[in-house]
Amino acid sequence: MEEVIILGTGIGGCTAAIYTARADLKPLVISGHEDGGQLTLTTDVENFPGFPEGVQGPELVARAKKQAERFGARFDYDFASGIEKKEGHIEVTFESGKVLETRTLIIATGASARWLGIESEAKFKGRGVTTCATCDGAFFKDKEVIVVGGGDSAMEEALFLTKFCTKVTVVHRREELRASKIMQEKARKNDKISFIWNSSVDGIYGEKVVQGVKLKDVKTNEITDFPCDGVFLAIGHIPNTKFVVGKIDVDELGYIKADRFSHTNIPGVFAAGDVQDTRFRQAITAAGSGCMAAMEAEKYLVELE
């Protein structure tokens, strides 16, 4: 019987591991398919406190993992496929066929950004293709970029990027935006933002970094070249919660419903990081919620005793 199992090795899961390990709970941390979470897809992280010169995303996660191991956290690789609330504990099943029992469970499995799914996309991840303007926008100072999407997130990304970029072009596959009226108005009023309608990104090209995209007119199928220095994807996120659906309350988008203390509807099960965050999705907020979930799990165990 484990005292704490943590699902996810992003910065939220690693922070939870640090706190529970320091409380001598000897947490078992399971990595899942995306070891390290979305930070492993980011190059320089310049907005995480304590790193005035910035830090590489993968390095930040690796440091947090090493810190957790220093206090006794154990790490393993598997993928949770289901959970079941039992009398006094939680049972977690994994794709490998393994079944583990734990008194508390912290779910920090994150939310994966939606990608275009085209072949050339993978080549330029971290080299001009990104899913986070807040994280990477400053690297495109005085550059021209495109934002793919038509919702509020896409407008927020485009508006944020105008702080750095000389030109931001929103590429949307429909004739009108899905964003709220106020966000549309803000974007349309900004002189740096322009729009390309009824178009999708059919390919991305460049040598070492992005130099342009191939745009496909969804009505005529015509392909045109569009030079740019960066591609920001704002087509949504997919919370990694399939294994809890029907067991833990989730919202209409699949994000775990957690209260301000990281509690889910199941006693002893807590949620941290992007898996329950539909608004901020930052490394620092994930770390903060990982701390909260860990402290609440420790408190829950004390109350059980």
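Here's a quick rundown of the structure.

What counts and what doesn't
- Residues numbered from 1 in each chain as written.
- Predicted model: local features only at pLDDT ≥ 70, side-chain atom pairs only at ≥ 80, totals over all residues.
- Heavy atoms only, no water.
- Pairing = 2+ DSSP bridges.
- Helix = DSSP H or I, 4+ residues; strand = E, 2+ residues; numbered from the N terminus.
- Axes fitted to C-alpha atoms, helices over the stretch in contact; angles between N-to-C directions.
- Salt bridge = Lys/Arg side-chain N within 4 Å of Asp/Glu carboxyl O.
- Buried < 20%, exposed > 50% of the residue type's maximum accessible area, 1.4 Å probe, protein only.
- Disulfide = S-S within 2.5 Å.

### Observations regarding the sheet that holds strand S14 (residues 199-205)
Hydrogen bonds along the backbone pair up the strands of a sheet, which may run parallel or antiparallel.
1) Next: Here 3 strands make up an open sheet; going across it, the order is S14-S15-S16 and the pairing antiparallel. Two strands in the sheet have a free side with no partner beyond their single neighbour: S14 and strand S16 (223-227). Taking each pair of neighbouring strands and ignoring which way they run, the sheet shows an average axis angle of 30 degrees.
2) Next: Relative to strand S15 (residues 212-217), S14 runs antiparallel, the two sharing 6 bridges. What sits directly across from Ser 200, in S15, is Lys 216.

### Digging into the pattern of salt bridges
1) Next: Using the criterion set out here, one finds 8 salt bridges in the structure.
2) Next: For Arg 103, the salt bridge goes to Glu 3, with nearest N and O atoms at 3.0 Å. Taken together, the positions of Arg 103 in strand S8 (residues 99-107) and Glu 3 in strand S1 (residues 2-7) put the pair 100 residues apart, joining distant regions of the chain.
3) Next: Looking at Arg 103, the relative accessible area reads 32%, which means it is partly exposed.
4) Next: You can call Glu 3 partly exposed: its relative accessible area is 25%.
5) Next: Across the pair Asp 225 and Lys 214 runs a salt bridge whose closest N-O atoms are separated by 2.7 Å. On the criterion of sequence distance, the pair formed by Asp 225 in strand S16 and Lys 214 in strand S15 is long-range, its members being 11 residues apart.
6) Next: Lys 214 sits in the partly exposed class, given a relative accessible area of 33%.

### Some details on the state of the cysteines
As used here, a disulfide is simply a covalent bond connecting the sulfur atoms of two cysteines.
1) Next: Inspection of every chain in the model, using the stated rule, returns 1 disulfide.
2) Next: Sulfur of Cys 165: no disulfide; nearest cysteine sulfur belongs to Cys 228 and is 10 Å away.
3) Next: Judged by relative accessible area, which is 0%, Cys 165 ranks as buried.
4) Next: Residue Cys 228 is classed as buried on the basis of its relative accessible area of 2%.

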